[in-house]
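# Topology and contacts: notes
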Amino acid sequence: MGYGEMPSAMKDIRVSAFRVEDRAELEAFLEMQKLPTLDLNPKMLADFLVARREGILVGTAGLERHTKMGLLRSVAVDRSLRGIGLGKRLVMAMEDRAR
């Protein structure tokens, strides 16, 4: 793999904005990762990204807004896909979105 190339395991992973229909699956995924879900509300969820592979949620990242600042939260990747750069990809996508 050359510089700037994406690992083959990541080529079929799509990162997109959270949609209302993602909520139940996102909450279940976060709970499996031992991350909090009780404070998630529609406004906060609008600032989440989800990563899907073959239609299955495999990663997420959220942004919690505080006036002019934001807190990166709930960055999680399915255990089977850790180490391929998906977490980094989610963080970079969230940084772009937050600007």
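Here, the structure is the one placed above.
Residues numbered from 1 in each chain as written. Predicted model: local features only at pLDDT ≥ 70, side-chain atom pairs only at ≥ 80, totals over all residues. Heavy atoms only, no water.

### A word on the nonpolar core
Note the cut-off: Remark: nonpolar core denotes a set of buried residues (Ala, Val, Leu, Ile, Met, Phe, Trp, Tyr, Cys) joined through side-chain atoms within 4.5 Å. Note on classification: 1.4 Å probe, protein chains only; a residue is buried when its accessible area is under 20% of the maximum for its type, exposed when over 50%, partly exposed between these limits. Think of it this way: any DSSP run of H or I at least four residues long counts as a helix, any run of E at least two long counts as a strand, and we number them from the N terminus. By definition, residues are in contact when any of their heavy atoms lie within 4.5 Å.
Residues Met10, Ile13, Leu49, Ala51, Val58, Ala61, Leu63, Val77, Leu81, Leu86, Leu90 and Met94 constitute the largest nonpolar core, which totals 12 residues. Secondary structure elements with two or more residues in this core: strand 2 (48-53), strand 3 (56-66) and helix 3 (86-98). If we ignore the near neighbours within four places in the chain, the residues touching Leu81 are Ile13, Arg53 and Val58. Among the nonpolar cores identified, the runner-up in size contains 11 residues, and Phe29, Met44, Leu45 and Ala76 belong to it.

### Digging into the pattern of salt bridges
Note that side chains of opposite charge can pair when their charged atoms are close. Rule in force here: Salt bridge, as used here: a side-chain nitrogen of Lys or Arg that lies within 4 Å of a carboxyl oxygen of Asp or Glu.
By the definition in use, this model includes 9 salt bridges. One salt bridge connects Glu21 with Arg19, and the closest N-O pair in it is separated by 3.2 Å. When the shortest N-O distance is used, the salt bridge between Arg52 and Asp22 registers 2.8 Å. Residue Arg52 is found in strand 2, and its partner Asp22 is found in the loop between strand 1 (13-17) and helix 1 (23-32); the two are separated by 30 residues along the sequence. Residues Arg52 and Asp22 agree in their burial class; the two are buried.

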